[in-house]
Amino acid sequence: MRLLPEASWLQFNRRVLRQSERPDFPLLERMRFLAIWNRNLDEFFAARIAQPFLQGRGRPEHLELLEEARAQALLAQERYRSLLREASPRLRVLEPAELDELDWLYFRVFLAEVVAPKTDLIPWEAAGDVSHGALYFAARDHLVRLPQDLPRLLRVPGREGAYVRLGALMRARSDLFLPEGGPLYEFRALRLLESERHRADWDELAQALEARQEGLPTLLVAEAGFPEAWLSRLREGLGLLPEEVLPLAPPLDLGFLEALAAEGPAEWRFPPLRPERPRAFLKHPLKRLLERDLLLHHPFEAYAAVERFALAALEPEVEEVWATLYRIGEENPLAETLIQAARMGKRVHVLLEGRARFDELLNLRWYLRLLRAGVAVLPLSERKVHAKALLLLTREGGYAHLGTGNYNPQNGLLYADFSLFTAREGLVRELAAFFRALEAGRSPSLSLLKTGEAIQRFLVEATLAEAHPKGRVILKCNHLTDPALLEALVQAAEKGAWVDLLVRSTLSLLHPAFRAQSLVGRFLEHARVAAFRRGGAWEVYLTSADLMPRNFQNRFELLFPVLDREARRKVLKALKRQLKDDRNRFLLTPQGEKWLWEGKRDAHRP
C-alpha cells in the first residue's frame, strides 16, 4: 500500500494529537502535545503541503489531505475543551463574560493603553495580503490584526490559575478597535513560506531573506458562524478554494497552550529526568577516548557530555577544530566554546548551515558572531549540510563526535538521539577529509564514512544482502520515502528476511511483510539507525540522514559505523527495547494503525 508522503506525515501528526488522550500522561503534558500538534499543522500548511498544493491542487489527493486536517482540527477542539474541564477549577481559561467588574477595571485599561495603540485597521481590499499564522478579526468595514508581540494568553490579576485569551478580550471590547463598532470574527491564513530559490552563500542568503515574500495562501481557518458574505469575500481575496476553508469554534490557534503548560502546577508535569552521567569521560574526555569509544543515548544519558567534549577544544594539545552547526538555537554553550577557542588563537572552522527552514535569521546572527570572533565560517555549499560532527585535531591525531541530533541543548533534553565519541584513527582521518573537501568546495571521497548518494547505495546493497530467510534488517528514522531503498526492503521481506522499521513520521509504503511501527511518547524519537545481521554478527550504523531522496541528493549527511563491540551492543539493546515497547508504539499496517498503550514496557523510561 503506497501513501503520499504528505498523507503519511499527517497520520503522524494525528499520533501526536492522540498523546493528549493518554491516561498515563500528566495533564499539562497532554496540553503540551496539543500545542505541538497545532504547531505541526501550521508547518504542514507552510511547507509540507507544497507539492500536492502546487502540482495537484483541487485533485482528490489534495482534497483528502484537507479533509484529514479538518478531522484532526475538530478532534483537537474536543480535546482542548476536555482538558480544560479536567484542569478546572485549579487552572481555567475564562471567557470575557466570566470576568467581574474588578477584572474589567484592569483589562479595560490594558486594552486601551497597551493593545489598541499596536492594533492595525486594514481595509478589506488588502485581505489578500494578510500574514501567515497571525490572528485577525473581520468587521463590517475593516480587518483588525491582533498585535504579534503581545501574549495570546493573559493572567487575570488576583485570581490564581485564571487566564483569559487576548483575542476574546478584543472581541468583547470591539469599540476600542473599530471606528464603527460592531462584532468581530476571528480568522487566520496559512501560507507557503519557502524562499524562491536556494542561495549559495551568506551575502546572497541575506538578500534572499530581505526580498522573500510570503507565498501563496494554502488554508483559511475561520470562526464558525462567520457571516457567509464576508467569508466568501475573504476566501476570494486570498484566492482559495471552498475546500481550503476550515471553520472552527474559537480559539483558532492552540499554540497558547504551550504557555499554560509551562505555568501550571509542577505536579501536573513529568518529573524531571535524571540522566546518567559518564563520570570518567566528563572528567577527562580525551584521556577516556584513548581507551575506547563511548556511545551515549540522549536524553537518558547526559547531553552535557557533548558540551564537555567541545570544551576539550580549549586544551593545549588541540590545535585545530572543525564543526557542523545546524539549528543550534538562540543560546548554545558549544558554539560559545568554539568562539572562545578562536579567540585563544586556535584554528576553528565551522560549517554553519544558514538555510535551515525558519531559522535563517537566527543563523545569520550566529554567522556574524562566529566570523567576528575569528572563526573561519565555511562558504555555504550548493547542498545543505545536515551532518552532525565535531572534530578536535592534535599533532598526534584527533578526537571526533558524530551524532544523529543537532548541537542544541534544548533538543538534548527532549530528543532521543545517539552520540558516538571516538579517537579511532580511520574515523578521525575520514572526518577530516570530509571537512576539508567541503572547505575546498568538492564532494568528499570516503570509505568508512558515507555521505550523499553513497548512503543510499550502501543501505540498498546492505538490505539486498539480507534478502534470504535468515536475513534481518532494522531501520530507524524519522522519514522513509526513498523508492530504491523501499524496493530493496520489499525484496528482502518477500524472500523471508525479518524487516523491522521504526519510522516516527513518514512511511510512504506499507507492505504486509514489513513489521512497521512508530514510537511517539514523552521524547521525540530523532535517532537514525541501520542494523544488519550479516551472517549472524550484527553490523550497526548511525546517521544524520533521514531516508528520503532529498537527503541523499541535496544534502551532505554522514553515515558512520559503530565499531566498538560494547557501543554496538548498546544501540541494539535500545532498538530491541523499542521494538518491544507497549506504551508508546503504533503498529503501521496496510489495514490501518493500532496503538499499544496499556503494557508495562516503556522505552521512554530510563
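Residues numbered from 1 in each chain as written. Predicted model: local features only at pLDDT ≥ 70, side-chain atom pairs only at ≥ 80, totals over all residues. Heavy atoms only, no water.

Student: Is there a simple way to explain the packing of helix α17 (residues 453-464) against helix α18 (residues 483-494) in this structure?
Tutor: When two helices pack together, their arrangement is given by the angle between their axes and by how far apart the axes lie. Relative to each other, α17 and α18 sit at 10 degrees, their axes nearing to 8 Å. Taken together, the axis directions place α17 and α18 in an arrangement best described as roughly parallel. Listed contacts from α18 to Q456, L459, V460, T463 and L464 of α17 are A484, L485, A488, L489, Q491 and A492. Classifying every residue of the contact of α17 with α18 by side-chain character gives 8 nonpolar, 3 polar and no charged. (Axes fitted to C-alpha atoms, helices over the stretch in contact; angles between N-to-C directions. Helix = DSSP H or I, 4+ residues; strand = E, 2+ residues; numbered from the N terminus. Parallel < 35°, antiparallel > 145°, perpendicular 65-115°, else oblique. Contact = heavy atoms within 4.5 Å. Nonpolar A, V, L, I, M, F, W, Y, C, P; charged D, E, K, R; others polar.)

Student: What's the story with α17 in this structure? I'm lost.
Tutor: Compared with an ideal rise of 1.5 Å per residue, which puts 12 residues at 16 Å, α17 spans 17 Å between its outermost C-alpha atoms and is within 8% of the ideal. On the buried face of α17, the contacting elements are β18 (472-480), α18, β22 (528-534), β23 (537-543), α19 (549-553) and β25 (559-561). (Expected span 1.5 Å × (residues − 1).)

Student: Hey, could you run me through the environment of P590 in this one?
Tutor: With respect to the helices and strands, P590 occurs in the loop between β26 (585-589) and β27 (592-596). On the basis of relative accessibility, which here comes to 25%, the residue P590 falls in the partly exposed class. Residues P590 and L510 lie 80 residues apart in sequence; the distance between their C-alpha atoms is 5.4 Å. Contacts of P590, omitting those with residues within four sequence positions, involve M1, L510, H511 and P512. (Buried < 20%, exposed > 50% of the residue type's maximum accessible area, 1.4 Å probe, protein only.)

Student: Quick question: what am I supposed to make of helix α12 (residues 304-311) here?
Tutor: An α-helical segment advances 3.6 residues per turn. Residues three or four places apart therefore align on the same side. Taking burial as the measure, the 8 residues of α12 include 6 buried ones, the bulk of the element. Residues of α12 that are buried include every one of A305, V306, E307, R308, F309 and A310, and no others.

Student: How should I be thinking about the domain arrangement of the protein in this particular structure?
Tutor: Quite often, the size of an interface is put as the accessible area lost when its parts meet. Domain annotation for the protein reports domain 1 (5-268), domain 2 (288-440) and domain 3 (450-595). Placing the centre of domain 1 and that of domain 3 at their C-alpha centroids yields a distance of 36 Å. Contacts between domain 1 and domain 3 engage 15 residues on the former and 18 residues on the latter. Summing both sides of the interface, domain 1 and domain 3 together bury roughly 1,200 Å²; the carbon and sulfur share of this comes to 54%. In terms of surface lost to domain 3, no three residues of domain 1 exceed F12, R15 and R22, which account for 41% of the buried area on that side. Where domain 1 meets domain 3, there are 2 salt bridges. Scanning the region where domain 1 abuts domain 3 turns up 8 residue pairs in polar contact (both at pLDDT 80 or more). Those elements that place two or more of their residues in the side of domain 1 that touches domain 3 are α1 (5-18) and α2 (27-48). In terms of residue class, the side of domain 1 that touches domain 3 is built from 6 nonpolar, 3 polar and 6 charged. (Domains from an automatic or database assignment. Buried area = accessible area lost by both parts, 1.4 Å probe. Salt bridge = Lys/Arg side-chain N within 4 Å of Asp/Glu carboxyl O. Polar contact = N/O pair within 3.5 Å; in protein donor to acceptor, adjacent residues only side chain to side chain.)

Student: Even after reading the chapter, I still don't get the packing of aromatic side chains, so can you show me in this structure?
Tutor: The description of an aromatic ring pair rests on the distance of the ring centres and on the angle between the ring planes. For the structure on display, the rule yields 24 aromatic pairs. Centroid distance Y185 to W230: 5.7 Å. Interplanar angle 85 degrees. Geometry classified as edge-to-face. Here Y185, found in strand β7 (residues 185-191), pairs with W230, found in helix α8 (residues 228-238); they are 45 residues apart in sequence, far enough to count as distant. Taking relative accessible area as the criterion, Y185 reaches 18% and is therefore assigned buried. An aromatic cluster is built from W124, Y136, Y185, F187, F226 and W230, whose rings are joined through pairwise contacts. The residue whose ring lies beneath R383 is F556, and the NZ or CZ to ring-centre distance is 5.5 Å. (Phe/Tyr/Trp six-rings, centres within 6.5 Å; stacked < 30°, edge-to-face > 60°. Lys NZ or Arg CZ within 6 Å of the ring centre and 35° of its normal.)

Student: Please clarify how the side chain of E557 should be interpreted in this entry.
Tutor: Looking at the element boundaries, E557 is found in the loop between β24 (555-556) and β25. In this structure the side chain of E557 is engaged in a polar contact, spanning 2.7 Å, whose partner is the side chain of S544. A distance of 2.8 Å separates polar atoms of two side chains, one belonging to E557 and the other to N551. Beyond its immediate stretch of four places on either side in the chain, E557 contacts H386, A387, F434, K450, T451, G452, I455, S544, A545 and N551.

Student: What should I look at first to understand the nonpolar core in this one?
Tutor: Nonpolar side chains in soluble globular proteins tend to be buried together. Formed by 85 residues in total, the largest nonpolar core has its most connected members in L480, L489 and L501. In terms of residues, this core owes the most to one element, α2, which gives 11 residues. Shared between two domains, this core holds at least three residues of each, these being domain 1 (5-268) and domain 3 (450-595). Among all residues touching L501, those that are not within four sequence positions of it are L475, L480, L489, L507, F514, R515, A516 and Q517. (Core = buried A, V, L, I, M, F, W, Y, C linked by side-chain atoms within 4.5 Å.)

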